[in-house]
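Here is what each chain is made of, one letter per residue.
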Amino acid sequence: SSIMRRITNPAGERNKDPILDVLRRVLSKTEPNLRLLEISSGVGLHAAYFAKEFPNITFQPSEYDTTLFGSIDAYRQHVKNVEPPIFIDISKPCTDWQNEANINHTSGANRFDYMLNINMLHISPIACAHGLFDNAAQLLKRGGLLITYGPYAVDGSLTPESNVRFNESLQHRNPEWGIRDTKELSTLAASKGITLQEMVELPANNKCLIWKKDANHA
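If you're wondering where the values come from, they're calculated on a predicted model, not measured in any experiment. (Residues numbered from 1 in each chain as written. Predicted model: local features only at pLDDT ≥ 70, side-chain atom pairs only at ≥ 80, totals over all residues. Heavy atoms only, no water.)

**Student:** How should the environment of Phe59 be read in this particular structure?
**Tutor:** Mapped onto the fold, Phe59 is located in strand E2 (residues 57–60). Apart from residues no more than four positions distant in its own chain, Phe59 is found in contact with Leu36, Ala47, Phe50, Ala51, Phe54, Asn81, Val82 and Glu83. (Helix = DSSP H or I, 4+ residues; strand = E, 2+ residues; numbered from the N terminus. Contact = heavy atoms within 4.5 Å.)

Written out as structure tokens, the structure reads:
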């Protein structure tokens, strides 16, 4: 098992308050017993930081890289409403996930009020974007929200120049990586009954996207 030690994330420290400002506006602070599934929790700093603000929401962190579990656990010490991390490969359907503790034992469907995904879509293959929307359609309650954060192109336009260069460096590191276009993501989401509600401009040329599962989508 991984040693419980916080791993620092300077970018996460910079973006946690701007993202929290968006969450304060879109997540309920009063409705009891809500559940949020975070996909690709990284070192675990966001779940612990946000959960303190929303005592009514139980946060479930997850990671593909299990070596980060120790750090996720270190951040969540003394935060009652953050669950132990679970392994999720978001490119696979949730029916295949082997985290018996959390997802499958109630068949998984419609278990979560919210899903959160920070800085993953541009540093993962497009299969992860497909999986994110496929699984959100399965796991979110009707009317539930998926919140994603990171750099995005909009209708084929990627700005500013620093994001263009960043995208080139990503694709140089791995041809399957790259900054995704909101139009392509919206098409993908729509096929799953998920609609882009809002695009919020945040510092450092990043955006927070608020996606909603249609209320009439089973």
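**Student:** Explain helix H4 (residues 126–139) to me, please; I cannot follow it from the model alone.
**Tutor:** Residues that lie three or four places apart on an α-helix share one face, since the helix turns once every 3.6 residues. Taking 1.5 Å of rise per residue, the 14 residues of H4 would be expected to cover 20 Å, and the 20 Å separating its terminal C-alpha atoms lies within 8% of that figure. As for H4, its buried residues are in contact with strand E1 (34–39), strand E5 (112–118), strand E6 (140–150), helix H6 (182–190), strand E7 (194–202) and strand E8 (206–213). (Expected span 1.5 Å × (residues − 1).)

**Student:** Would you explain the sheet that holds E7 in this entry?
**Tutor:** Within a sheet, each strand pairs with its neighbour through backbone hydrogen bonds, oriented either parallel or antiparallel. With respect to topology, six strands assemble into an open sheet ordered E2-E1-E5-E6-E8-E7, the strand pairing being mixed. Each having just a single partner strand, E2 and E7 make up the two edges of the open sheet. Between one strand axis and the next, the sheet turns through 20° on average, direction left out of account. Here helix H1 (residues 10–26) sits on the sheet and contacts E5, E6, E7 and E8; the angle it forms with E7, its principal contact strand, is near 135°. (Pairing = 2+ DSSP bridges. Axes fitted to C-alpha atoms, helices over the stretch in contact; angles between N-to-C directions.)

**Student:** For this particular structure, what's the right way to read the pairing of E5?
**Tutor:** A regular strand places its side chains so that they alternate between the two faces of the sheet. Buried residues dominate E5, accounting for seven of its seven residues. In terms of strand pairing, E1 meets E5 through four bridges, oriented parallel. Note that in E5 the partner of Leu36 across the bridge is Tyr114. In the sheet, E5 pairs with E6 via six bridges, with the strands oriented parallel. Following the sheet pairing, Met115 is matched in E6 by Leu146. Handedness of the crossover joining E5 and E6 through H4: right-handed. (Buried < 20%, exposed > 50% of the residue type's maximum accessible area, 1.4 Å probe, protein only. Right-handed = clockwise from strand over helix to strand, strands pointing away.)

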